[in-house]
Amino acid sequence: MPYKVGELVMQRGGDQPMKVQKIGADEQGIRMVTCTWFVDGAQLEALFLPGQLRYYRPELPDVANPPLGS
């Protein structure tokens, strides 16, 4: 399993960072990742298949192409 408890991940195609809380398997033995995140101060939690996630990496500024007006 590529993810570890405490790492920041996000859904593929999403932009909400989530923290890995638990890694395990469901009743059928399918690997699952439990993640938590916050929305308006409320903590949310959900299970994801590892393939639904990717590592969260904040966007780095593009120093070669700064925004207009910089």
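This text goes with the structure placed above it.
Conventions and cut-offs
- Residues numbered from 1 in each chain as written.
- Predicted model: local features only at pLDDT ≥ 70, side-chain atom pairs only at ≥ 80, totals over all residues.
- Heavy atoms only, no water.
- Helix = DSSP H or I, 4+ residues; strand = E, 2+ residues; numbered from the N terminus.
- Buried < 20%, exposed > 50% of the residue type's maximum accessible area, 1.4 Å probe, protein only.
- Contact = heavy atoms within 4.5 Å.
- Areas by Shrake-Rupley, 256 points an atom, 1.4 Å probe, with all protein chains shown as cover.
- Pairing = 2+ DSSP bridges.
- Axes fitted to C-alpha atoms, helices over the stretch in contact; angles between N-to-C directions.

**Considerations on the overall build of the chain**
Thought 1: For the chain, the helix and strand inventory stands at zero helices and five strands.
Thought 2: Secondary structure elements in the chain, listed N-terminal to C-terminal, are β-β-β-β-β.
Thought 3: The buried share among the 70 residues of the chain stands at 19%.
Thought 4: Restricting to contacts in the chain with at least 6 residues of sequence separation, those with at least 24 account for 32%.
Thought 5: By element, 54% of the accessible surface of the chain is carried by carbon and sulfur atoms, the whole surface being about 5,400 Å².

**A few points about the sheet that holds strand β3 (residues 31-39)**
Thought 1: Read from one edge of the open sheet, five strands run β4-β3-β2-β1-β5, paired in antiparallel fashion. Among the strands making up the open sheet, the edge pair consists of β4 (42-48) and β5 (53-55). In this sheet, neighbouring strand axes are inclined to one another by 40° on average, regardless of whether the strands run parallel or antiparallel.
Thought 2: Pairing of strand β2 (residues 18-25) with β3 involves six bridges; the strand directions are antiparallel. Bridged to Gly24 within β3 is Met32.

**A look at the pairing of strand β1 (residues 8-11)**
Thought 1: Pairing geometry for β1 and β2, over two bridges, is antiparallel. Bridge pairing in β2 places Val9 opposite Met18.
Thought 2: Counting the residues in the hairpin turn of β1 and β2 gives six residues, including Gly13, whose phi is positive at 85°.
Thought 3: Pairing of β1 with β5 involves three bridges; the strand directions are antiparallel. Directly across from Met10, in β5, lies its bridge partner Arg54.

**Quick notes on the pairing of β3**
Thought 1: Turn length for the β2-β3 hairpin, with the two strands adjacent in sequence and antiparallel, is five residues, and the turn residue Gly29 shows positive phi of about 85°.
Thought 2: Examined bridge by bridge, β3 and β4 share seven bridges and lie antiparallel to one another. Paired with Val39 across the two strands is Ala42, which belongs to β4.
Thought 3: Adjacent in sequence and paired antiparallel, β3 and β4 are bridged by two residues, among which Asp40 carries a positive phi angle near 50°.

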